[in-house]
Amino acid sequence: MASIPFEHALLLASVLFALGLVALLIRRNLIVMLMSVEIMLNAAGLAFIAAGSRWGQPDGQVMFLLVLTLAAAEVGVGLGLVLQIYRRYKTLDVDRLSEMQG
Amino acid sequence: MILLWLILVPFIGGLLSLPARRWRDYAPRWLALAALAVDAVLVLTLFADTGAAPKTDWLAQVDWAWIPRFGIRFHLALDGLSLLLVGLTVFLGFAAVLCSWTEIRERQGFFHFNLLWTLAGVIGVFLALDLFLFFFFWEVMLIPMYLLIGIWGHENRAYAAMKFFIFTQVSGLLMLIAILALVFLHYQTTRSLSFDYFELLEADLYPGAARWIMLGFFVAFTVKLPAIPFHTWLPDAHTQAPTGGSVLLAGVLLKTGAYGLLRFVIPLFPGAAQDFAPVAMTLGAVSILYAAKLAFAQTDIKRLIAYTSISHMGFVLLGVFAGNAQALQGAVMTMLAHGVSAAALFMVAGALQERLHTRDMDKMGGLWTLAPRIGAITLFFSVAALGMPGLGNFVGEFLVLLGSFRVDTAITAFAAIGLILAPVYALYVMQRAFHGPASPCEVRDFGIREMGMMLCLIAATAWMGLHPQSMLAYTDARVNGLTRTLAQRGP
Amino acid sequence: MTADAFAALLPFIVLSAAAVAVMLAIAIRRSFRLAFWLTAGGLLVTLATLPCALSVAPAYVTGLLLVDAYGLFFHALFLLAALAVALLCLAYFRRRDNENEEIFVLLLTSTLGALLLVSSAHLAMFFLGLEVLTISLFPMIAYSVRASRPLEAGIKYLMLSGLASSFLMFGMALVYGDLGVLSFEQIGASGAELGQKPLALAGLFLILAAIGFKLSLAPFHLWTPDVYQGAPAPVTAFLATVSKASVFALLLRFFTTVHAERSETFLCVLGLLAVVSILAGNLLALLQDSLKRLLAYSSIAHMGYLMVGFVAAGLLRRDLQAETIAFYLAAYTLTSLAAFGAISAISDDARESDRLSDYTGLFWRSPWLAAVLMLSLLSLAGIPLTVGFVGKFYVFAAGVQAETWPLVTTVVVGSGIGIYYYLRVVLAMIRTVDTAFLPAQSLHPAAGLVLAVLAALVLGAGLFPQTLIDAASQTPQISAGAPKGNRHSAP
Amino acid sequence: MELTLFYLSALVAIAATFMVVIQCNTVHALLYLIVSLLASGFIFYLLGAFFAAVLEVIIYAGAIIVLFVFVVMMLNLGSKTIEQEKQWLCPGIWHGPAALCAILFAELLVTLMRSGAHEAGRIVESKTLGIALFGPYLLAVETASMLLLAGLVGAYHLGRPLRSGS
Amino acid sequence: MLNLLWLVPFMPLAGFLILTASEGRLPRAYVPWIGAGSVGLSAALAASLAFELLALAPEARVFRQTLWHWMAAGDFGVDFAFYLDALSLNMLLVVTGVGFLIHVYSAGYMADDPSMARFFAYMNLFVFAMLILVLADNLPLLYLGWEGVGLCSYLLIGFWYEKPENGYAARKAFVVTRVGDTAMALGLFLMFSQLGTLDIQEAMARASTQWPAGSALPTAAALLLLGGAVGKSAQLPLQVWLPDAMAGPTPISALIHAATMVTAGVYLIARTHALFALAPEVQTLVAAIGAITLLMSGFSALTQTDIKRILAYSTISQIGYMFLALGVGAWSAAIFHLTTHAFFKALLFLGAGAVILSLHHEQDIFRMGGLRRSLPLVFWTFIVGLAALVALPFTSGYYSKHEILLSAYGSGAAGPWLWAAGTAGAILTGLYSTRLLLVAFFGTERTQAHSHYGSNIGVPLVVLAILSLAGGLAKLPLFPALPETGTEETGGSIGLATTAAPFLGVAIGYLVYRTGTASAEALLQLPGAETLRRLWFSGWGMDWVYDRLFVFPFIALARLNKGDAVDRLYQGIVALTRLGHCMLVPTQTGQLRRYAAGMLFGAALILALGVWS
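Every value quoted in this text rests on a predicted model; they were computed, and no experiment measured them. (Residues numbered from 1 in each chain as written. Chains lettered and ligands numbered in written order. Predicted model: local features only at pLDDT ≥ 70, side-chain atom pairs only at ≥ 80, totals over all residues. Heavy atoms only, no water.)

A. Representation of the overall build of chain A. Along chain A, the regular secondary structure elements total 3 helices and 1 strand. The secondary structure elements of chain A, listed N-terminal to C-terminal, are β-α-α-α. Here the C-alpha atoms of chain A give a radius of gyration of 17 Å, more than 25% beyond the 13 Å that 2.2 N^0.38 yields for 102 residues. Here the C-alpha coordinates of chain A stretch approximately 55 × 25 × 25 Å along the principal axes. When the 102 residues of chain A are sorted by exposure, 82% land in the buried category. Long-range contacts, defined here as pairs at least 24 residues apart, represent 59% of the contacts in chain A between residues at least 6 apart. Here chain A displays about 1,900 Å² of accessible surface, and carbon together with sulfur accounts for 51% of that area. The averaged location of the 7 negative side-chain charges in chain A is 12 Å from the averaged location of its 7 positive side-chain charges. (Helix = DSSP H or I, 4+ residues; strand = E, 2+ residues; numbered from the N terminus. Rg over C-alpha atoms; globule rule 2.2 N^0.38 Å. Buried < 20%, exposed > 50% of the residue type's maximum accessible area, 1.4 Å probe, protein only. Contact = heavy atoms within 4.5 Å. Areas by Shrake-Rupley, 256 points an atom, 1.4 Å probe, with all protein chains shown as cover. Lys, Arg positive; Asp, Glu negative; His and termini not counted. Charge placed at Lys NZ, Arg CZ, Asp CG, Glu CD.)

What follows is the structure in structure tokens.
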């Protein structure tokens, strides 16, 4: 395989990361927010893969696997929570969930 | 060991009085009296032990390792100065219990618990010779006092208790920082980590550091003393506290500040203290006058007495920093005498409030006709407070001014104006509360218990005025040591 | 796997086994008591294996885990805390028909996460430990799904935690991308030229942001009050103690091993975070009416104090740093457990009592419970007699010794503000109200036991801290290979 | 060639992700997300991480996103919600978050530019990965199982329907 | 026998303690016995001590008794010690003697007062304090007595406490004298800091050797002591309290505000004459104060209508003479006049008291009249007293005042001026005395008098009348306590003029008031006369000035700052903290996305710090 500039891969990861962040900040739909967290985690994974391929070590991929595990677990718990919330509030609007403040 | 028991007896007494309430309603107060009696016996033993001996050195010591990690030791020791103040504490402890006899009807067990713990803390402060231990007791006495004000206080108790606590606590932290700075500077030169008083006395500080560290101590002690501009907690705390609390606050707690100045600020930082003396003396003089003026303006009798306390403590500050034998002895005498007279005045004010349900002097008047005993006693202590020769306060103030005159004529002359303002407020109390036409209501005069207690206080005040030498002798050695230190290590 | 490695791993193995066992037990037969006893047994057995692990410490296990005395100190702390939380859960979840047993599995897994976290020697384990802890916490926080607040708290924590995890991972990726290594020690080995590695440095800062979130340092603190308030009280207790302490313990291990503290920038940023946290936490708590939120804000401030200790002690000497952090964390854990335990004891899963009005006159309704809460508040405020004071003493000692005056000043200011709101709660508790209409609080024996033990520990370690100091200071060696040279020659 | 492919798929990933951000229909957003993930997987492949690329497709796109789809379908979010999403996504709320993200991104960019130029794309065999996973990272794998256990129990507790009554 | 000296002051103290401890439960009949008896015993003891002391050679007439070590600190130490010499013996006799008579008189005067026990208790306390004052061996002890008499003065002026104005007068007296006392205290400090002792004899001896005459230090010390003296002795500028002090019962006015306490200043200066001798400027000032005071208060006395206020101004005026004497160095003349003044002024006050008692507390002389018929004994004794006051020849006042005026004349350059002032004062004295006598005792009876006083009022009047007449014949044996001042023979014309001056005053008075008040009112019609009268009546408006200079500003300042301005500072801190709280709380919106934004902000911030630093 031809070499790919490491920095460019990281740049891509950064862009994805930033996009995920933007999504998290501007979307009010809980499911989309969960998705944006996934985007960010994926971006981090991408960065690991890029780093691993820079050094030619398996560690990057191992870390990616761990990220993947986390993403799965988090999505599992998160979606369970979202379900409960939808049952209770009949909406996915995150801004409705601001009973506690001050 | 006797020193440890001095602290432990009220401590245990306090613990016991908690459950004692379930047994009998009056049990806690008798228990408190009993604990104090035991303490009094201990104090008297100490007095007797030292009565004949030359009062030069430390009379008794306890020295155990406590937190070896920091070289902190459980080090108690007693010299004449401590002995006098511990004696005063126990004496006023009796007064505080007795004057709460009928005033406190609710939650007596917890009340006496707090009272005794405050006393234990104060005695600890007077005995501790490890700086950490000192700070420990310094803070420990706050909590029960806070509860005394916060639970049994008057209408604005929450505010007053809070203010009291925050002032003393924040200033206490400054002291803690100063203590640590001192300890670590000492460590840097000697490689021995110790909070011990005697070891730190040898600490060799460069002047800049000494000044800052001294200021840390100074602020903590002047807040407690209190002196302008750190005094504003006191009127609120004293006014809102129950009578027993006021007695302890005015009689004993304020003395811890003065004690700290004498025990720590001067010996540890003689040079810095001397450099700082003009400022401190000015603060003292300003306190005397400013508080006297404020006292005059008050209509709340307890508030008025509170401001007079500030005024009197100004003399202490003046005396301590004047730093010669007369002024220092005067400061000690002022502490003792003010302890007794202010306590008595607060007891009178408490008695009035208990009877009239007001502290507003505008609503009093003509009480002499209705309650001549209260009147006479108030008169006596007002007169004591205004510095009548022959009574304790005079000796203190006279010696302070005598000594400080040698150091700084202008400040002393300024402070002496306080002698003029004192009768202005003291006699004003008499006028507004006791003179004038009598109102047609009934006021219960002092009974045997109250009169007995008051006569003891009167006797103490008169004794201090007529034969102060019996007390001055105890502090003579310490004061001479201080003046020597100042002379040797001054600038 | 060698015997040594097995011994070192034993606590983790036992704990994991316990988690699985509890899960299986639940699957077989739902019984709250059985689940509790299994959990308690698991925790106790794990505790019993710690000496075994200590005998082989320090030991690397596969390069991911480092079992050393430092970690084991925290293991013991967390296991005890988890035990306390388990007992609190027993008292708290009274509605046994609600299939509540899962809490114990989650408690065990999250404790396991905390244990892994403090022992991790590798970014992978760091990440995993943190996530095991966090993932277990999500359902714990949202545990009472019938109520709306836990759900709200849960989703907030989940989302923000996900965000933080992303930061963490991204940061780790940057570090790895720049350095090519993942174990702390190897990162530390190449840490000397960290200044020339901007990517790695940026990665470390991103990791710091994630840690700041977990520690709720300002400005990453916004979630804290909502989550504390929404979570069931025992879970809050766990969150406030084990979760925070484990992350801080890791922070110390990680950043000292990678020599981040050699970078002035890094220390400045940490100092800044500390200052902002102290001010923001204390100011936000000032007039707070919900006790849980109040304690949340107070925990923000406390993390700030701790960070001051971290920075200051880090400037001085490594073992002092570990000792300071270990002691403070232990003190904070004990105290917070007591505070949240008291809240938990008067709440249940049907009703959370966290308004200040719920505590009005509590002192007269159930004095012992109120006394424990008061004690823990005083400990948080850093008043002597309590272990919190010794913790604060450590912070001051480090700050003064390192002469980081801005930080020390901030701590003083923060403490001053802090006293106000702690005392507000105390005032509410001692307010004398007509108690006839308020029901006396019945105390579940499990909660009573926990609170009694915790109160005894808070007092005991406050009065005689040397034992705890010994335990904390015997863990100075964070990892092998730490450079011996010290920046400062001071102690 | 590979470089071109890399940039191309990067472009696809970015564009798809961007669509996720602005897409109002949740299902559409999910589909875009799948595209984005597939593009990422391809990049993994280009970077020489074949195993990861496979996992990306199977687990991420295949399992996790499907989970999302299930939930979305369970909740049966109708067209009403799309309208609502459109309202929520009014242009005003973009500014602040976008600016913040831009700042963060700019900071990362500056850092990246400072770090110099390095090559990536070394192939890591799946075998090496396997050895690493069951060698030095054995404990990590075990721990990941505990992570999943916790997630499982948690999801179970949260996700089950409430019993009526009591 | 001399060793019993301590009993002299402690006898009245015992009386005080007994009366106080009884709390008014003692049968009324016993109270005067205890009160007057204790002073009587003191007087008897003092008399026997006097015989014993005077039996010694003049140089040996010194006795020192140390009771106990009072206080010591560093190089400072004083004893509770008494010092008896001719000067203090003289004062001792006056205080106990006159005091005893007034006590006896009080038994009658206060017979109906419900608080008689309290009255006698205060009186006894006063005698005790006064005796301490005169016997003190050192200045602090003297100060004890000094303040003690001030306190008793306060207590007794405010004796009838129901009336607020009495309380005001009492406080005024205390505070005004306290101003002087404070100056005196500073004087003590100065002396101690420079001389190293406060023992009077020792300090005087050291001052004479260490301080050159006329240098700054003795001048300052003497000035400060003078401050105390003018306060206590009601001299310019601190004389304002004495007229108001007449609010107390009349025996008090006789004992404290005429015979004994107010002369304490004279005693003090005489006691420390060695110091004053070192400060000639101050001595001149003393003389000037005396001269001005005697004139000013003479004029004031002319316009008063209250019989006690007339006597009060007269007292101020007479003490002015004593100061004049002290100022010109005629020490023994001053003490001589002090003694005779004690007799006749006590007599006058007691007489006035008898009048007031008979007229049911009527004090306005213009509502009296014709009393010579209804109260003959009082009338005759009053005449004797007035004669002595006016210094008609062969009365005691004549000898003493004559000596003062002649000494003044011969005292250097300012002498004639001082003499002129004194002589003018003598004219004034004659004038107002005649006015008092004619208005109150002659003419028509305007208020019905009921003479119901018994022998315990009559006897003291007679005894004091005898003393007023014959007291001038005694030659006080004040040497060597005070240096002899040889009264050199001055020109006969001066002596004649001095003798004649009172007659002139009496004559003018007789002319004006012979036919009642008509001619006086005619005089008031003259231009400016009414203004002058008001000015004099108000004591030259000094009260008005002091009120505006000190009292009102102080009260205004106190009221203004009742809430303590310093507290604002702390309230400001509190407000700042609350402001911080209120500014931070809105960040806790409870909205998840804002929290995320907060985190992002934090991350961006620390990254920025990390990247650009």
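B. Examining the pattern of salt bridges more closely. Here the structure, examined in full by the defined rule, presents 40 salt bridges over all chains. A salt bridge links arginine 293 of chain C to aspartate 226 of chain C, with the shortest nitrogen-to-oxygen separation between them at 2.9 Å. Remark: aspartate 226 of chain C occurs in helix H9 (residues 223–230) and arginine 293 of chain C occurs in helix H12 (residues 291–316); sequence separation between them is 67 residues. Judged by its relative accessible area of 1%, arginine 293 of chain C falls in the buried class. Relative accessible area serves as the criterion here: at 0%, aspartate 226 of chain C is assigned to the buried category. The partner of arginine 534 of chain E in a salt bridge is glutamate 530 of chain E, with the nearest N and O atoms 3.6 Å apart. Linking arginine 534 of chain E with glutamate 530 of chain E, this pair stays in helix H23 (residues 529–537), spanning 4 residues, or about one helical turn. Owing to a relative accessible area of 30%, glutamate 530 of chain E belongs among the partly exposed residues under this scheme. (Salt bridge = Lys/Arg side-chain N within 4 Å of Asp/Glu carboxyl O.)

C. Molecular detail of the packing of aromatic side chains. One pass over the full model with this rule turns up 101 aromatic pairs over all chains. Both rings, one in tryptophan 138 of chain B and one in phenylalanine 221 of chain B, keep their centres 5.4 Å apart while their planes meet at 75°; by these two values the pair is edge-to-face. Of the two residues, tryptophan 138 of chain B is situated in helix H5 (residues 131–140) and phenylalanine 221 of chain B in helix H9 (residues 207–224); the sequence distance between them amounts to 83 residues. For tryptophan 138 of chain B, a relative accessible area of 0% corresponds to the buried category. Residue classification places phenylalanine 221 of chain B among the buried residues on the basis of a relative accessible area of 0%. A centroid spacing of 5.7 Å and a plane angle of 50° characterise the contact between phenylalanine 126 of chain C and phenylalanine 254 of chain C, whose relative ring orientation is tilted. Highlighted residues: phenylalanine 126 of chain C in helix H5 (residues 123–141) and phenylalanine 254 of chain C in helix H10 (residues 233–257), separated in sequence by 128 residues. Neither phenylalanine 126 of chain C nor phenylalanine 254 of chain C differs from the other in exposure class; each is buried. Note that arginine 54 of chain A overlies the ring of phenylalanine 6 of chain A, its terminal NZ or CZ placed 5.0 Å from the centroid. When the ring centre of tryptophan 364 of chain C is taken as origin, the NZ or CZ atom of arginine 107 of chain B, which lies over that ring, is 3.8 Å away. (Phe/Tyr/Trp six-rings, centres within 6.5 Å; stacked < 30°, edge-to-face > 60°. Lys NZ or Arg CZ within 6 Å of the ring centre and 35° of its normal.)

D. Fine view of helix H14 (residues 325–356) of chain B. The terminal C-alpha atoms of H14 of chain B, which comprises 32 residues, lie 45 Å apart, in line with the 46 Å expected from a rise of 1.5 Å per residue. The buried count for H14 of chain B comes to 30 of 32 residues, which makes it a mostly enclosed element. (Expected span 1.5 Å × (residues − 1).)

E. Local environment of the interface of chain D and chain A. With 80 residues of chain D at the interface, the matching set in chain A holds 69 residues. Of the roughly 6,900 Å² buried at the junction of chain D and chain A (both faces included), carbon and sulfur atoms supply 77%. Considering only the surface of chain D that becomes buried against chain A, Tyr60, Phe68 and Trp88 of chain D emerge as the three largest contributors, covering 10% of it. Summed over the shared surface of chain D and chain A, the number is 1 salt bridge. For arginine 27 of chain A, the salt bridge identified is with glutamate 85 of chain D, shortest N-O distance 3.0 Å. In this assembly, chain D and chain A are joined by 20 residue pairs in polar contact (both at pLDDT 80 or more). (Buried area = accessible area lost by both parts, 1.4 Å probe. Polar contact = N/O pair within 3.5 Å; in protein donor to acceptor, adjacent residues only side chain to side chain.)

F. Inspection of the interface of chain E and chain D at higher detail. Counting residues at the interface gives 10 residues for chain E and 10 residues for chain D. Of the roughly 800 Å² buried between chain E and chain D on both sides combined, carbon and sulfur atoms contribute 77%. Partitioned by chemical class, the residues of the side of chain E that touches chain D number 9 nonpolar, no polar and 1 charged. (Nonpolar A, V, L, I, M, F, W, Y, C, P; charged D, E, K, R; others polar.)

G. Layout of the side chain of serine 382 of chain B. Tracing the backbone through its elements, the reader meets serine 382 of chain B in helix H16 (residues 372–385). Beyond its immediate sequence surroundings of up to four residues, serine 382 of chain B is in contact with Leu345, Ala426 and Met430 of chain B.

H. Spotlight on unusual backbone geometry. Put simply, leucine 225 of chain B and proline 226 of chain B share a cis peptide bond, and its omega is -10°. Looking at the element boundaries, proline 226 of chain B is found in the loop between H9 and helix H10 (233–240). The phi dihedral of arginine 191 of chain B falls on the positive side, at around 60°, and the residue is not glycine. By secondary structure assignment, the location of arginine 191 of chain B is in the loop between helix H7 (157–190) and helix H8 (197–201). Of the residues examined, arginine 191 of chain B reaches a relative accessible area of 48% and is grouped as partly exposed. Of note, alanine 391 of chain E is a non-glycine position whose phi angle comes to about 70°, a positive value. Summarising the element assignment, alanine 391 of chain E is placed in the loop between helix H17 (376–390) and helix H18 (396–409). Classification of alanine 391 of chain E as buried rests on a relative accessible area of 5%.

I. Geometry of the arrangement of the chains. There are 8 pairs of chains in contact here, and the one with the most contacts is chains A and D. There is a gap between chain A and chain B: no contact, and a shortest C-alpha distance of 24 Å. No interface is formed between chain B and chain D, the nearest pair of C-alpha atoms being 38 Å apart.

J. Up close: the pairing of strand S2 (residues 72–78) of chain B. All names here are of chain B. Counting buried positions along S2 gives 6 out of 7 residues, so the element sits mostly inside the fold. Sheet topology places strand S1 (residues 60–67) next to S2; 7 bridges connect them, and they run antiparallel. Considered in S2, the bridge of tryptophan 64 is made with phenylalanine 74. What sits between the antiparallel neighbours S1 and S2 is a turn of 4 residues, in which glycine 71 has the positive phi angle 65°. (Pairing = 2+ DSSP bridges.)

K. Geometry of a nonpolar patch on the surface. A cluster of nonpolar side chains, contributed by Trp544, Val545, Leu549, Phe550, Val551 and Phe552 of chain E, occupies part of the molecular surface with about 610 Å² of accessible area. Judged by its relative accessible area of 40%, phenylalanine 552 of chain E falls in the partly exposed class. (Patch = residues over 30% accessible without salt bridge, like charges linked within 9 Å, V, L, I, M, F, W, Y side chains within 5 Å.)

L. Quick look at the side chain of arginine 432 of chain B. All names here are of chain B. With respect to the secondary-structure elements, arginine 432 resides in helix H18 (residues 409–434). Look at arginine 432 and you get buried, because its relative accessible area is 15%. A distance of 2.7 Å separates a polar atom in the side chain of arginine 432 from the backbone oxygen of glutamine 298. Leave out the neighbours within four places in its chain, and arginine 432 touches Phe296, Gln298, Thr299, Leu304, Met361, Asp362, Met364 and Gly365.

M. Inspection of the nonpolar core at higher detail. Judged by nonpolar contacts, the single largest core of 804 residues is most densely connected at Phe217 and Phe321 of chain B together with Phe126, Phe167 and Phe255 of chain C. With 20 residues, H14 of chain B is the single largest residue contributor to this core. Not counting the four nearest positions on each side in its chain, phenylalanine 167 of chain C is found in contact with Phe17 and Leu21 of chain A, Leu206 and Ala210 of chain C, Leu104 of chain D together with Met599, Leu600 and Ala603 of chain E. (Core = buried A, V, L, I, M, F, W, Y, C linked by side-chain atoms within 4.5 Å.)

N. Looking closely at the packing of H9 of chain B against helix H12 (residues 270–297) of chain B. Residues and elements named next belong to chain B. The N-to-C vectors of H9 and H12 enclose an angle of 40°; their axes lie 10 Å apart at closest approach. Classed by the angle they form, the pair H9 and H12 counts as oblique. Along this stretch, H9 crosses H12, giving a crossing that reads as right-handed. Listed contacts from H12 to Ala210, Arg211, Met214, Leu215 and Phe218 of H9 are Ala272, Ala273, Phe276, Ala280 and Leu283. (Axes fitted to C-alpha atoms, helices over the stretch in contact; angles between N-to-C directions. Parallel < 35°, antiparallel > 145°, perpendicular 65-115°, else oblique. Left-handed = near helix turned anticlockwise from the far one by under 90°.)

O. The arrangement of the confidence of the model for chain D in detail. Residue and element names in this part refer to chain D. Here chain D averages 87 in pLDDT, while 96% of its residues score no lower than 70. Mean pLDDT in chain D bottoms out at helix H4 (residues 79–88), which sits at 78, and peaks at helix H2 (residues 26–46), which reaches 92. Both scores are given for the predicted complex: the pTM is 0.92, the ipTM 0.91. (pLDDT = per-residue confidence, 0-100.)

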